[in-house]
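# Notes for the structure review
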Amino acid sequence: MNAFYEHHKDNIRFAYRCFDRILLHAMIQPFQQEQRAVGFFWSYRQIYPVSRQVLRDIATQYHNWAKNRSQKWGVPIQEDPPGRRDDFVDRYFRRAQPDQLVAIIKAREPATIMTAIGKDNRWHLEMKRRWVEQYNFYVQDSRWGQMFVRVCPYFPFSARVCLNQHHWLALRLQERGIRFQQCANAFLQCSDPEALQKLADSLTADEMITCAQKWLTRFTPFFTSEERKHAGVQHRLFFAQIEYCDNLIFRRRAAVDALEQRLLDANRTIGQPNKLTLIFGRRVTRRHGGKLQTVIEDLNLPNPVIRSHYRKGFLKQYVRDRFILRTETATNNISTDYGIGKAVDNLPQLRQRLSGIIDRYLEVQQDILETFVDRQELRQLTQPTLLPNGRRIPGLKLDQPRQLALMHSLVRFCYLAAEGTFSTRDLYPQTLQALQTTPEQYKLASLRYDLRKLRAKGLVEKIPHSRRYRLLAHGYQICLVFLKLYEKIYAPLTAGILQPFAADQSIPREKITVLDQRYTAVIQALDDLVDVVGLKAA
């Protein structure tokens, strides 16, 4: 269990982790190649060439089938409603029976379809991205509960399948007679939390494949059973979007509210409150593309969201259903973000990777909230170190700009969340940026000299037979202490005393952030701020 849970476990009733929303992309792989699609039509339908009219007729047949089926099932086809579709269809699920279709929504959305280009008897096929009308079938599955299947009526019938493990878990708990209270996508109570977590970890790729294939076969009637058996026209499933959440259910609402406020204040110190630059995920190189930041969103809501972006994914933390602190990681591309193949067979590796990211994220947050260094150890860090070869290495100083800039670079998430290593050349651009200087004023050799001080104190270790280094766990904590002392006490208090903003005096007290209120109060009562940031008064 991570340090965050261990520190707050007295206030936590129980905890569990599971996948939340699982969006699967379904496609028939042979038809992604023009030649194989042409071969299918010739071998099984005796159609050649495959013209534009042939493809139009296939789409028309599907639209007619959907209309006829909706009348037979007694489920009318509805246009795309305003707002969230999940909220719109919620009332249709209330009395749904197992394996019942409850709603059909037709909406215009992007899809990859096959197009025919040419004229007369000379045609060739190409895959194109188009906005077309698609059908969203909402189903109460006997094994997965609420889910939906989106099918494109145009050949080769690409599809999306959306599952939610919370619904799957609720059905498994019912089968075993375990009492629980479910509130939307979360469990507020459970009589056997250990069984809940074991069930969550027992989910396999076969569970998803079986469910998805059952409904994809039913909603793509174009293919005969013989074609499905011999032509390989079954849909194959890939992860399109995945969400994995850690849920800490607190005993009292006051406890989780107080912790949330501390987390918001702590993250506020890493940059600015509306745009906190962190590095999340795997090691970042100069070729990195996409977002790379942390923001605090929904400030107007009772429970704001801390969201850390990385490439196509993000990790967010927020309070939901009054008692739950949820830390959730999500991505639209597991291959790019986590280096894992998109096939659903990679579910175990994906679960392990996402769980590890959440663990490291919570541990980093706990280090931010609580860090302790006794007075004697701090004095030793400031003293010079004498190496076995007789060489004398200077000690660490609390206010040395070069040292603080190097520490800023070391505690970035790219060396923590991914357990990555680094070289001095990796650190150099980031240290220059933190120091706000030029390469001529601060050379690479100077950075290596400063890094040698941290190595002498055992905060950083050099990887044998390489030019790379690793920041140790206690090294991260010590760097954080130095940064907290300088940035959370010395620097802001000095600025507030020597160069205060006159306009701050006219701001109503209720609009001032909690942290700024404490900084204002510390000018009058320094002991109050020392207690708030978790440091004991001497």
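Criteria and cut-off values
- Residues numbered from 1 in each chain as written.
- Predicted model: local features only at pLDDT ≥ 70, side-chain atom pairs only at ≥ 80, totals over all residues.
- Heavy atoms only, no water.
- Helix = DSSP H or I, 4+ residues; strand = E, 2+ residues; numbered from the N terminus.
- Contact = heavy atoms within 4.5 Å.
- Salt bridge = Lys/Arg side-chain N within 4 Å of Asp/Glu carboxyl O.
- Buried < 20%, exposed > 50% of the residue type's maximum accessible area, 1.4 Å probe, protein only.
- Pairing = 2+ DSSP bridges.
- 1 Å grid on protein atoms, 1.4 Å probe; cavity = no way out; pocket = protein on both sides within 12 Å on 5 of 7 lines; lining within 4 Å.
- Points joined across faces, edges and corners; volume = space filled by probe spheres on them.
- Nonpolar A, V, L, I, M, F, W, Y, C, P; charged D, E, K, R; others polar.
- Patch = residues over 30% accessible without salt bridge, like charges linked within 9 Å, V, L, I, M, F, W, Y side chains within 5 Å.
- Areas by Shrake-Rupley, 256 points an atom, 1.4 Å probe, with all protein chains shown as cover.
- Lys, Arg positive; Asp, Glu negative; His and termini not counted.
- Charge placed at Lys NZ, Arg CZ, Asp CG, Glu CD.
- Axes fitted to C-alpha atoms, helices over the stretch in contact; angles between N-to-C directions.
- Parallel < 35°, antiparallel > 145°, perpendicular 65-115°, else oblique.
- Left-handed = near helix turned anticlockwise from the far one by under 90°.
- Phe/Tyr/Trp six-rings, centres within 6.5 Å; stacked < 30°, edge-to-face > 60°.
- Lys NZ or Arg CZ within 6 Å of the ring centre and 35° of its normal.

When helices and strands are counted, the chain shows 18 helices and 17 strands. Residue pairs at least 24 apart in sequence account for 66% of intrachain contacts in the chain once pairs closer than 6 positions are excluded.

Moving on, we come to the side chain of N164. Checked against the element boundaries, N164 lands in strand β6 (residues 159-164). For N164, the contacting residues outside a window of four places in its chain are D20, R21, W144 and N185.

Another point: the pattern of salt bridges. Side chains that differ in sign of charge can pair as their charged atoms come close. Counted according to the given criterion, the structure contains 24 salt bridges. When the shortest N-O distance is used, the salt bridge between R176 and E175 registers 3.7 Å. Of the charged contacts in the structure, one is a salt bridge between D321 and R320, with a shortest N-O distance of 2.9 Å. The exposure class of R320 is buried, given its relative accessible area of 17%. The network of salt bridges with common partners includes R143, R172, E175, R176 and E207.

Once that is clear, we can look at the pairing of strand β5 (residues 145-151). Buried residues dominate β5, accounting for six of its seven residues. As paired strands, strand β4 (residues 122-141) and β5 are joined by seven bridges and run antiparallel to one another. Each bridged residue has a counterpart across the sheet, and for F137 the counterpart in β5 is V149. Counted along the chain from β4 to the antiparallel partner β5, the turn is three residues long. For β5 and β6, the ladder comprises four bridges, and the chain directions are antiparallel. Paired with R150 across the bridge in β6 is R160.

This part takes up the layout of surface pockets. Approximately 1,000 Å³ is the volume attributed to the second largest pocket. Together, 35 residues line the second largest pocket, and R84, D86, N164, H167 and N185 are the ones closest to its centre. By residue number, the principal contributor to the lining of the second largest pocket is helix α4 (residues 85-93), which donates six residues. Looking at the lining of the second largest pocket, its residues break down into 13 nonpolar, eight polar and 14 charged.

Further remarks concern a positive patch on the surface. A cluster of basic residues, R425, R448, R455, K462 and R467, forms a positive patch on the protein surface. Among the structural elements, R425 can be located in helix α14 (residues 424-435). Judged by relative accessible area, which is 60%, R425 ranks as exposed.

We now examine the packing of helix α13 (residues 401-410) against α14. Following both chains from N to C, one finds α13 and α14 inclined at 125 degrees, their axes separated by 8 Å at the closest point. By the criterion of interaxial angle, the relationship of α13 to α14 is oblique. Seen along the crossing, α13 lies across α14 with a hand that is right-handed. Two secondary-structure elements touch here, α13 through P401, R402, A405, L406, H408, S409 and L410 and α14 through L427, Q430, T431, A434 and L435. The class makeup of the residues in the contact of α13 with α14 is seven nonpolar, four polar and one charged.

Take the packing of aromatic side chains next. Enumeration according to the criterion identifies 29 aromatic pairs in this entry. Measuring from centroid to centroid gives 6.1 Å for Y62 and F157, while their planes differ by 35 degrees, and the two rings are tilted. A residue pair is termed long-range when its members are at least 10 positions apart, and Y62 in helix α3 (residues 52-73) and F157 in the loop between β5 and β6 qualify at 95 residues. For the pair Y62 and F157, a shared accessibility class is recorded, and that class is buried. Measuring from centroid to centroid gives 5.6 Å for F180 and F187, while their planes differ by 85 degrees, and the two rings are edge-to-face. The ring of F314 carries the charged tip of R307 above its face, separated from the ring centre by 4.5 Å.

This part takes up the environment of Q53. With respect to the helices, strands and loops of the structure, Q53 is situated in helix α3. Here the alpha-carbon distance between Q53 and A116, two residues 63 residues apart in the chain, equals 8.6 Å.

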